[in-house]
Amino acid sequence: MNFCIAGGRLVDPSIGLDKPGDIYIQDDVIEAIRAEGFSMGEIPNGDTERVEVSGALVVPGLIDLHVHFRDPGFCYKEDMTTGCASAAAGGFTTVCMMPNLKPITDTPQLVAALGARAEGIRALPIGSVTMGQKGAEITDAAGMKAAGACAISEDGRSVMDGAVMLRAMEAAAKADMPVFDHTEDDSLAGTSMGETVIAVRDMLFAKETGCRLHLCHISCKLCLDAIRAAKATGLPVTAETGPHYFMFDKSRATHGHFKMNPPLRNVEDVQAVIEAIKDGTLDAIATDHAPHSAGEKLCEYNKAMNGVIGLETSFPVSYTALVRRGHIDLNRLIELMSTNPARILKDRSRGTLKVGAAADIVVFDIATPYVIDPSTFKSKGRNTPFEGMEVYGKTLLTISGGRIAYRA
Ligand code: DOR
Ligand code: ZN
Ligand code: ZN
């Protein structure tokens, strides 16, 4: 099937495009773009469905570097089907699945089995850094990469033994595989210092090994200042934050739906996250989509599990809070949610609308406000801190690999 996505506002920072125009898809690739004063590629002939999206925003499929799909092991929270449906509904065509499953994704066989189960969108496995995430014996990074893993990560915790982490990063460097780093010193758990100490340690290891280091869910000023300083020396480290960290401070952390790890921080930290989004210290917005059941979240706050869902709110919340409030422009938002994540994955055919790229395209309505209603989510999770928020940026259409993965 061929498509012509007609009349939208095409925004793609990777080719400097921000114009009204049409995109032609043939099979699973972008065949042509035609905009006012801008034309690339051959217009396909034959059987083409024309989809009128006039006035809507058309961008490269979003990429989430950090999700928890809970399958296998915890399917009462989420499973592959609902996780992929939730991603498609949020405009994501690629997501990276953390390995804290049961069994933990720690072998090439488990990576291959998990990767084969993605539905409708691309859901890429991330292998663990150590066997069973026990922190002692490193995994086969090269073997897991060959089986389809996009990165290694110990998410949920840090590898506390520095010598083990250094060896894992050497192996990752050799396999040309990024390390997605949950940074938290056990003895300082939940503090800004704990986040920063491990981030700094692992940036030193990255310098030593040449490993591609990507820092997960950065939430505090102390750590952002350290990353900014490291980047100024030329270290090719990258970092993500999540929407909850630029939306809320710790005064909200009284309800289970506002509990996650790292936790919500001080007002100054929230401001520092926004500043780092603006100045490039942060490279990506990732959700850390972490579904839990109602019983695990709507209990006494101290007993509630860590984690919030995010796939179906990340774009609208980010667009509303960052772009509409004037902190960044739309191009920068697409950079944070698609262009840069593709670069971090070294995926040259995604995060872009250029001719020949994968036909991963999403269409958003950014003109009509709506109220976030968790009962409409495709995810099994209802643990969102954004319930009731009025936002702009409803997904109208998600095309992944040339096929419709979601249509409103
Ligand atoms: O809030 C969190 N939830 N932080 C993590 O590090 C793990 C995640 C989960 O798996 O629920
Ligand atoms: Zn984490
Ligand atoms: Zn996580």
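In this text, all values refer to a predicted model and were calculated from it rather than measured experimentally.

Here we look at the coordination of the zinc ion (ligand 3)
Expected angles at a metal are 109.5 degrees for tetrahedral coordination by four donors and either 90 or 180 degrees for octahedral coordination by six donors.
Thought 1: Taken together, the protein donors to the zinc ion (ligand 3) comprise His66 (NE2), His68 (NE2), Asp155 (OD) and Asp288 (OD), at separations of 2.0 to 2.2 Å.
Thought 2: Considering all four donor atoms around the zinc ion (ligand 3), angles at the metal cover 84 to 176 degrees and the coordination shape is irregular.
Thought 3: Sequence spacing among the residues donating to the zinc ion (ligand 3) works out to H-x1-H-x86-D-x132-D.
Thought 4: If you look at the zinc ion (ligand 3) and the zinc ion (ligand 2), they sit 3.5 Å from each other and are both ligated by aspartate 155. In this pair, histidine 66 sits in strand β7 (residues 62-67) while aspartate 155 sits in the loop between β10 (152-153) and α4 (162-174), placing the two residues 89 residues apart along the sequence. Across the pair, aspartate 155 and histidine 66 agree in class, each one buried.

Comments concerning the sheet that holds strand β8 (residues 92-97)
Thought 1: The strand order across the open sheet formed by three strands is β7-β8-β9, and the pairing between neighbours is parallel. Edge positions in the sheet fall to β7 and β9 (122-125), since each of these pairs with one other strand and no more. Between one strand axis and the next, the sheet turns through 20 degrees on average, direction left out of account.
Thought 2: The sheet contact formed by β8 and β9 spans four bridges and is parallel.

Considerations on the packing of aromatic side chains
Thought 1: Applying the stated criterion across every chain yields a total of four aromatic pairs.
Thought 2: Between phenylalanine 248 and phenylalanine 258, the ring centres sit 5.0 Å apart and the planes meet at 75 degrees, which makes this aromatic pair edge-to-face. In this pair, phenylalanine 248 sits in the loop between α7 (243-247) and α8 (267-279) while phenylalanine 258 sits in the loop between α7 and α8, placing the two residues ten residues apart along the sequence. Each member of the pair phenylalanine 248 and phenylalanine 258 is classed as buried.
Thought 3: Measuring from centroid to centroid gives 6.0 Å for phenylalanine 315 and tyrosine 319, while their planes differ by 15 degrees, and the two rings are stacked. Of this pair, phenylalanine 315 and tyrosine 319 both sit in helix α10 (residues 314-323), four residues apart, which is roughly one turn of the helix.
Thought 4: Judged by its relative accessible area of 0%, phenylalanine 315 falls in the buried class.
Thought 5: A relative accessible area of 8% places tyrosine 319 in the buried class.
Thought 6: Above the plane of the ring of tyrosine 301 lies lysine 259, whose end atom (NZ or CZ) is 5.2 Å from the centre.
Thought 7: The residue whose ring lies beneath arginine 324 is tyrosine 392, and the NZ or CZ to ring-centre distance is 3.5 Å.

Here we look at the coordination of the zinc ion (ligand 2)
Thought 1: Only Asp155 (OD), His182 (ND1) and His217 (NE2) from the protein coordinate the zinc ion (ligand 2), and they sit 1.9 to 2.1 Å from it.
Thought 2: The sequence pattern formed by the donor residues of the zinc ion (ligand 2) is D-x26-H-x34-H.

Notes on the sheet that holds strand β13 (residues 238-241)
Hydrogen bonding along the main chain pairs the strands of a sheet, whether they run parallel or antiparallel.
Thought 1: Strand order in the open sheet made by the five strands is β10-β11-β12-β13-β14, with parallel pairing throughout. A strand with exactly one partner marks an edge of an open sheet, and here the two such strands are β10 and β14 (284-285).
Thought 2: When β10 meets strand β11 (residues 179-181), the two strands line up parallel, connected through two bridges. Within β11, the position partnered with serine 153 by the bridge is phenylalanine 180.

Looking at α4
Thought 1: Spanning 13 residues, α4 covers 18 Å between terminal C-alpha atoms, matching the ideal 18 Å at 1.5 Å per step.
Thought 2: The N-cap of α4, judged by a side-chain oxygen 3.0 Å from the amide nitrogen of alanine 163 a few residues on, is aspartate 161.
Thought 3: The positive-phi residue at the C-terminal boundary of α4 is aspartate 176, with phi of around 50 degrees.

So, the pattern of salt bridges
Thought 1: Within this structure, the stated rule accounts for 20 salt bridges.
Thought 2: Here aspartate 176 makes a salt bridge to arginine 212, at a shortest N to O gap of 2.8 Å. On the criterion of sequence distance, the pair formed by aspartate 176 in the loop between α4 and β11 and arginine 212 in the loop between α5 (192-209) and β12 (213-215) is long-range, its members being 36 residues apart.
Thought 3: Aspartate 176 sits in the partly exposed class, given a relative accessible area of 31%.
Thought 4: Residues aspartate 202 and arginine 201 are paired through a salt bridge, measuring 2.7 Å at the closest nitrogen-oxygen approach. With respect to burial, aspartate 202 and arginine 201 carry one shared label: buried.
Thought 5: Through salt bridges that share partners, Arg122, Asp347, Arg350 and Asp360 make up one connected network.

Reading guide: rules and limits
Residue positions are given per chain, counting from 1 as you read along its sequence in written order. Each chain gets a letter, beginning with A, and each ligand a number, beginning with 1, in the order they are written. The predicted origin of the model limits local features to residues at a pLDDT of at least 70 and limits the giving and counting of side-chain atom pairs to 80 or more, whereas totals for whole chains, interfaces and linings rest on all residues. With hydrogens and water set aside, each side-chain value is computed from the structure's full complement of heavy atoms. Only nitrogen, oxygen and sulfur atoms count as donors, using a 2.8 Å cut-off from the metal that widens to 3.2 Å for Na, K and Ca. Water is left out, so coordination shells may look unfilled. Working rule for geometry: tetrahedral if four donors all subtend angles between 85 and 135 degrees; square planar for four, octahedral for six, if opposite donors exceed 155 degrees and the others stay between 65 and 115; irregular in every other situation. Secondary structure counts use DSSP, requiring at least four H or I residues in a row for a helix and at least two E residues in a row for a strand, with both numbered from the N terminus. Only protein chains enter the calculation, and the probe is 1.4 Å; a residue is then buried if its accessible area is under 20% of its type maximum, exposed if over 50%, and partly exposed in between. Two strands are said to pair when DSSP picks up at least two bridges between them. The angle between two axes is taken between their N-to-C directions and runs from 0 to 180 degrees, where each axis is a line fitted to C-alpha atoms and a helix contributes only its stretch in contact. Classification of ring pairs rests on two measures: the distance between centres of Phe, Tyr or Trp rings, Trp counted by its six-membered ring, which must be within 6.5 Å, and the angle between planes, read as stacked under 30 degrees, edge-to-face over 60 and tilted in between. Note on criteria: charge over ring means Lys NZ or Arg CZ within 6 Å of the ring centre, with the direction from the centre no more than 35 degrees off the ring normal. Here a helix's expected span is defined as the number of its residues, less one, multiplied by 1.5 Å. Whenever a nitrogen or oxygen atom comes within 3.5 Å of another N or O atom, the pair is scored as a polar contact, on the condition that within protein one atom can donate a hydrogen and the other can accept it, and that pairs from neighbouring residues in sequence are kept only if both atoms are in side chains. Only one rule defines a salt bridge in this text: a Lys or Arg side-chain nitrogen within 4 Å of an Asp or Glu carboxyl oxygen.

Everything listed is a geometric property; what it means functionally is a separate question.
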